[in-house]
Amino acid sequence: MDEPDELTSLEIYNTVWPHDAVTIDAVHSFRDSAQDYIDYLVRDDGVIVGSGAGAIFAYRARRVVTLITVLAGQRRRGAGTALYEAICLWASERGAREMEVPVAGNDPQSLSFAQRRGFTEERREVGLVLSLAGVSPPQVQPPAGIEIVTWAQRPELARGMYEVDLETHRDIPGFEDVAVEPFEDWMAHHMQRPTDSPGATFIALAGEEVVGFAKLSLTAPTAAGHAMTAVKRAWRGRGIARALKAAEINWALANGYTELHTSNEERNAPINRLNARLGYRPGIGRIHLVGPVIGGLSR
């Protein structure tokens, strides 16, 4: 796909998902973190009415993560099915056997589209938004013995953050069976993308041990997303996660952001309670469904 088509695909996505609008850098970050990636446009009488993307990641090489977006006025005319079939063909040629599709929590039409094709719910995420208008910078109050620094200040701590992710990643509901990539791939795919910033990545230190970290994903000009908040098990329940998130909020305020977005699996009670205490309010969530790459196709 050339650059004009890529921008058209992004425009369709942002029209369908205005609550989660992203920049072209965010698209490139997603694409570059995948083992394999495809992006399609669908036309009706020469007019582009929808887009679809498929991505295969190393941690689940038999699954294609799929996003199909069709403009509201163009639905129920075969565009979504055409995109689904095209991505199915692409995925099957690469040995993928299942598809994961996110559906907005306020979009029953898309949910029905997926369910008719044999997709079932795997996990559900709560969407949360913090409006920064009029918000006073929260105090960053780590517990005694803990220091909060940025990765920009301590670039040598990358390996320590990786060790935190190795320990904590499988604690995320829905990702218990997912292995963390080798360090070099993890760095390239999660820490050094165009939407990542060492200055917006915060590290909790106990002496010289990295015991937690949190990072923002700079996916839109005025809205940033919480990409990760992780604390080693032995250090939980002491206020480290709150200090890390307070540091992120302060950074966003100081750098002109107007909103912070996050989403958490419904079963992740500790982080959901923390977000509520920090003033995050319900936004639009996501339902993640899994279904077949082949079969159940109909027009």
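Structure shown above.
Residues numbered from 1 in each chain as written. Predicted model: local features only at pLDDT ≥ 70, side-chain atom pairs only at ≥ 80, totals over all residues. Heavy atoms only, no water.

Trainee: Describe the nonpolar core, listing the residues and the values that go with them.
Mentor: One finds Ile148, Leu244, Trp251 and Leu260 to be the most contacted residues of the largest nonpolar core, which totals 28 residues. For this core, the element with the most residues is helix H7 (residues 240-254), which contributes 7 residues. Aside from chain neighbours lying at most four places away, what touches Trp251 is Gly199, Ala200, Phe202, Leu216, Leu218 and Tyr257. Counting 18 residues, the second-largest nonpolar core is a separate cluster that includes Met99, Ala114, Ile287 and Val293. (Core = buried A, V, L, I, M, F, W, Y, C linked by side-chain atoms within 4.5 Å. Buried < 20%, exposed > 50% of the residue type's maximum accessible area, 1.4 Å probe, protein only. Helix = DSSP H or I, 4+ residues; strand = E, 2+ residues; numbered from the N terminus. Contact = heavy atoms within 4.5 Å.)

Trainee: A description of the pattern of salt bridges should follow, citing residues and the corresponding values.
Mentor: Taken as a whole, this structure holds 24 salt bridges when the rule is applied. Residues Asp32 and Arg31 are paired through a salt bridge, measuring 3.0 Å at the closest nitrogen-oxygen approach. With its nearest N and O atoms 4.0 Å apart, the salt bridge here joins Arg123 to Glu125. Taken individually, Arg123 and Glu125 each receive the classification buried, so the pair is uniform in this respect. When salt bridges with common partners are traced through the structure, they connect Arg63, Glu98, Glu100, Glu122, Arg123 and Glu125 into a single cluster. (Salt bridge = Lys/Arg side-chain N within 4 Å of Asp/Glu carboxyl O.)

Trainee: Give a description of the pairing of strand S7 (residues 201-206) that names residues and reports values.
Mentor: Counting buried residues along S7, 6 of its 6 residues qualify, which places the element largely inside the surrounding structure. Residue alternation in S7 divides its side chains into two sets, Thr201, Ile203 and Leu205 and Phe202, Ala204 and Ala206, and both sets are buried. Pairing of strand S6 (residues 146-150) with S7 involves 5 bridges; the strand directions are antiparallel. Bridge pairing in S7 places Glu147 opposite Leu205. Relative to strand S8 (residues 209-217), S7 is paired through 6 bridges, and the arrangement is antiparallel. (Pairing = 2+ DSSP bridges.)

Trainee: With reference to specific residues and values, describe the packing of aromatic side chains.
Mentor: Remark: the centre distance and the inter-plane angle together describe each pair of aromatic rings, the angle taken between the planes. Inspection of every chain in the model, using the stated rule, returns 10 aromatic pairs. On the numbers, 5.9 Å between centres and 10° between planes, the contact of Tyr13 with Trp17 is stacked. A relative accessible area of 11% places Tyr13 in the buried class. Look at Trp17 and you get buried, because its relative accessible area is 5%. Judged by centre distance (6.2 Å) and plane angle (80°), the ring pair of Phe30 and Tyr37 falls under edge-to-face. A relative accessible area of 34% places Phe30 in the partly exposed class. Here a set of aromatic residues connected by ring pairs shows up, and it is made of Phe30, Tyr37, Phe57 and Tyr59. We note Arg117 situated over the ring of Phe113; from NZ or CZ to the ring centre the distance is 3.7 Å. It is Arg159 that lies over the ring of Phe183; its NZ or CZ is 3.9 Å from the centre. (Phe/Tyr/Trp six-rings, centres within 6.5 Å; stacked < 30°, edge-to-face > 60°. Lys NZ or Arg CZ within 6 Å of the ring centre and 35° of its normal.)

Trainee: Explain the layout of surface pockets to me, using residue names and the numbers behind them.
Mentor: The calculated volume of the second largest pocket comes to roughly 630 Å³. Ile68, Gly80, Gln109, Ser110 and Phe113 are the residues nearest the centre of the second largest pocket, which is lined by 32 residues in total. Elements with a minimum of two residues in the lining of the second largest pocket: strand S3 (60-70), helix H3 (79-93), strand S4 (98-104) and helix H4 (108-116). Within the lining of the second largest pocket, the residues separate by chemical class into 14 nonpolar, 11 polar and 7 charged. (1 Å grid on protein atoms, 1.4 Å probe; cavity = no way out; pocket = protein on both sides within 12 Å on 5 of 7 lines; lining within 4 Å. Points joined across faces, edges and corners; volume = space filled by probe spheres on them. Nonpolar A, V, L, I, M, F, W, Y, C, P; charged D, E, K, R; others polar.)

Trainee: Describe in detail the environment of His288, supporting the description with residues and values.
Mentor: Note on placement: His288 falls in strand S12 (residues 286-292). When the C-alpha positions of His288 and Asp107 are compared, they lie 13 Å apart, and in sequence the two are 181 residues distant. At 3.1 Å, the side chain of His288 and the side chain of Glu100 are in polar contact. At 3.4 Å, the side chain of His288 and the side chain of Glu125 are in polar contact. (Polar contact = N/O pair within 3.5 Å; in protein donor to acceptor, adjacent residues only side chain to side chain.)

Read these as geometric descriptors, not functional statements.
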